[in-house]
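Remarks on the overall topology
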Amino acid sequence: MDASNDQSVASTAATNQHRSHVSIDDLPPDVLLVIFREVLLTHLDPWPSYHNLMSPHPFPESIASVCRHWRGVMSTVAFFWTRLVIWVGRDPTPLSTVCDYIAWSQNSPLDIHVLCTPEESIEHHTTEKAQVQAVMETLTPHMKRWRVLHMQLFFASSLPRPRIDLVGRASKLVELELLSTVDDCVASAEEAPPIVGEFQTPALDVLELSGLQFRESYVKPFPQLPMPPILSYVIVSDYGSQYTPFPLVDLLRCLVSCKGLQHVEFANLHLDCSYNGPPLVQHGITWDAEVVDFLDMRGDVIAHYNRLLGYPYVEAVSYTRCSMEVPCMLGNSYYTRLTEIATSRALFSFLAAGRGPFSCRDVTLTNCDGLRPEVLHMLGLTTDGVWLCPYIKSLTIVGCKQFHSPALRFLLEGRRRVHEATGFPEDIDPQYVVGSIEDLDVKDCCELTPEDKAWLDANVSNVRWDDWSGGYSSRRSR
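Right, let's walk through the structure included here.

Cut-offs and rules
- Residues numbered from 1 in each chain as written.
- Predicted model: local features only at pLDDT ≥ 70, side-chain atom pairs only at ≥ 80, totals over all residues.
- Heavy atoms only, no water.
- Helix = DSSP H or I, 4+ residues; strand = E, 2+ residues; numbered from the N terminus.
- Contact = heavy atoms within 4.5 Å.
- Pairing = 2+ DSSP bridges.
- Right-handed = clockwise from strand over helix to strand, strands pointing away.
- Buried < 20%, exposed > 50% of the residue type's maximum accessible area, 1.4 Å probe, protein only.
- Salt bridge = Lys/Arg side-chain N within 4 Å of Asp/Glu carboxyl O.
- Patch = residues over 30% accessible without salt bridge, like charges linked within 9 Å, V, L, I, M, F, W, Y side chains within 5 Å.
- Areas by Shrake-Rupley, 256 points an atom, 1.4 Å probe, with all protein chains shown as cover.
- Phe/Tyr/Trp six-rings, centres within 6.5 Å; stacked < 30°, edge-to-face > 60°.
- Disulfide = S-S within 2.5 Å.

**Things to note about the environment of proline 92**
- Positionally, proline 92 belongs in the loop between strand S1 (83–87) and helix H5 (95–104).
- Placed 39 residues apart in sequence, proline 92 and glutamine 131 show a C-alpha to C-alpha distance of 8.0 Å.
- Beyond its immediate stretch of four places on either side in the chain, proline 92 contacts Trp87 and Gln131.

Printed below as a string of structure tokens:
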């Protein structure tokens, strides 16, 4: 290589080195803000879950922590700081940083997430309550700006309680979720602190509390202190056997006063079902919820709930890991979801309740060991002229390992035979007895025999069985 080539190579290298020093830091603030805004709109989940907030530095801190220049640019835009992610535990968010967030958000509504890291050992949470108290003292003067208050802590005793620790007017608050990993509240409900004052939340839409919190803050002072007026989604969970059971009727009296209620979830609640007075509906009260979910609930509580509410019709009901060893009357629902129902008796009991004209049209069974051939046989036969779930049109079965395809075909074939014999009437016709299942979806359950596959393809409108799909409707469309 000659000298002129050496000089050319050196010149090119110098130019490339100069170009490599040109970075995003050299962009003017207005261009940086455009870029940061695009990052926000592209990657920020508008409904963040606990898991996608688990990054030590979710947005905007993930951008602002890169360098002092970026942090200074971002601090000028309130829009970036409307979501506050505050950590407690071993490496808590400094209160000075929380104050910066609040100042930078100016007068914008605040979505507040106070979180712990659950995988930390228990000794890292010993100061959690004091840390949370300090955070709340910093946040409470700005209560009028709260839009979301979501707390996921380690100890239940670290959570602030509405009307006891949370007092004032949060006029913009639409979501209040106070959750914990460990229920360490050892005092009985009768020894709970008295109500201090009202926590006014006129815009509250979503409320999620433990059973003990709900009893202390909303059940005990009702009706002297009313429920939030426009609640649409309520989750009450984990009122354990270590507490004195409180009456289910008291819980329902609170909830039926919420006329905008659409979705209710009850999870692991040990409640008193001894009330034998008249149902609440006899007093002119109606149940307005459209979706009701039961998780880890006893059958006697579920039965008592239905009696108190006059066996209500809801659009969708789900039962997850629930028991029901004695069949009883339940309300009706268009969509019925059964998940992890362990015994055939419990599965049969939930399905046997769905006899109303609008009930059990769409049934989904997921990971149910109770789905055995004997249950499918009962669904494919009449008992004294009575069919279980006679209105099923769509059946989805996922992850149920205790049945085989001939048993499922027995169900389908028995219903279709009667439906055909009566002239395939619609379910509103007087001659309707039981209908054919038109949509079948089976995933990760058992092998489909060739004989059953051929029958399903010829006699069911739409079928999906793992990777195979068929049915006479699919043939017509081809």
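More follows now that the structure is in view.
**Details of the pairing of strand S15 (residues 439–443)**
- The pairing of strand S14 (residues 394–398) with S15 spans five bridges and is classified as parallel. Pairing of threonine 396 across the sheet is with aspartate 441, part of S15.
- Handedness of the crossover is the feature at issue here: the chain leaves S14, passes through helix H12 (residues 405–421), returns alongside S15, and the resulting connection is right-handed.
- Of the strand pairs in this sheet, S15 and strand S16 (residues 462–465) are connected by four bridges, and their pairing is parallel. Paired with valine 442 across the strands is tryptophan 465, a residue of S16.
- The β-α-β motif built from S15, the intervening helix H13 (residues 450–459) and the parallel element S16 has right-handed crossover chirality.

**Considering the pairing of strand S2 (residues 110–115)**
- In terms of burial, S2 is largely enclosed, as six of its six residues are buried.
- Burial along S2 is two-sided: the residues Leu110, Ile112 and Val114 and Asp111, His113 and Leu115 are all buried.
- Note: S1 against S2, five bridges, orientation parallel. In the sheet register, isoleucine 86 faces S2, and the bridge partner there is valine 114.
- The parallel pair S1 and S2, bridged by H5, forms a crossover whose chirality is right-handed.
- In terms of strand pairing, S2 meets strand S3 (residues 146–155) through six bridges, oriented parallel. By the bridge assignment, leucine 110 is partnered in S3 with tryptophan 146.

**Section: unusual backbone geometry**
- Residue proline 223 follows phenylalanine 222 across a cis peptide bond; omega there is 5 degrees.
- Inspection of the secondary structure puts proline 223 in the loop between helix H7 (211–219) and strand S8 (233–239).
- Non-glycine residue cysteine 389 carries a positive phi angle of around 45 degrees.
- By the secondary structure assignment, cysteine 389 is in the loop between helix H11 (373–379) and S14.
- Relative accessible area serves as the criterion here: at 0%, cysteine 389 is assigned to the buried category.
- Backbone geometry places aspartate 466, a non-glycine residue, at a positive phi of 55 degrees.
- Examined against the element boundaries, aspartate 466 turns out to sit in the loop between S16 and strand S17 (468–470).

**Overview of the pattern of salt bridges**
- On inspection of all chains with the given rule, the structure shows 14 salt bridges.
- A salt bridge links aspartate 427 to arginine 361; the shortest N-O distance between them is 3.0 Å. Of this pair, aspartate 427 sits in the loop between H12 and S15 while arginine 361 is found in the loop between helix H10 (344–352) and strand S13 (362–366), placing the two residues 66 residues apart along the sequence. For the pair aspartate 427 and arginine 361, a shared accessibility class is recorded, and that class is buried.
- Each of Asp296, Arg321 and Glu340 takes part in one network of salt bridges that share partners.

**Topic: the side chain of threonine 396**
- Secondary-structure assignment places threonine 396 in strand S14.
- Residue threonine 396 is classed as buried on the basis of its relative accessible area, which comes to 17%.
- When neighbours within four sequence positions are excluded, threonine 396 is seen to be in contact with Val363, Thr364, Leu365 and Asp441.

**Digging into a nonpolar patch on the surface**
- Together, Tyr313, Tyr334 and Phe358 give the surface a local cluster of nonpolar side chains, amounting to about 310 Å² of exposed area.
- Examined against the element boundaries, tyrosine 334 turns out to sit in strand S12 (residues 333–339).
- Exposure remark for tyrosine 334: the relative accessible area of 31% places this residue in the partly exposed category.

**Points about the packing of aromatic side chains**
- In the structure shown here, the tally under the stated rule is 14 aromatic pairs.
- Judged by centre distance (5.2 Å) and plane angle (35 degrees), the rings of tyrosine 239 and tyrosine 243 are tilted. Each member of the pair tyrosine 239 and tyrosine 243 is classed as buried.
- In this structure an aromatic cluster arises from ring pairing among Phe266, Trp287, Phe294, Tyr305, Tyr319 and Phe350.

**Focus: the state of the cysteines**
- Applying the stated rule across the entire model yields zero disulfides.
- The thiol of cysteine 368 is not disulfide-bonded; the next cysteine sulfur, from cysteine 400, is found 4.8 Å away.

**Some points on the environment of aspartate 293**
- By the element assignment, aspartate 293 lies in strand S10 (residues 291–295).
- Taking the C-alpha atoms as reference, aspartate 293 lies 8.1 Å from histidine 263; in sequence the two are 30 residues apart.
- What aspartate 293 contacts, discounting residues up to four positions off in sequence, is His263, Val264, Glu265, Phe266 and Ser318.

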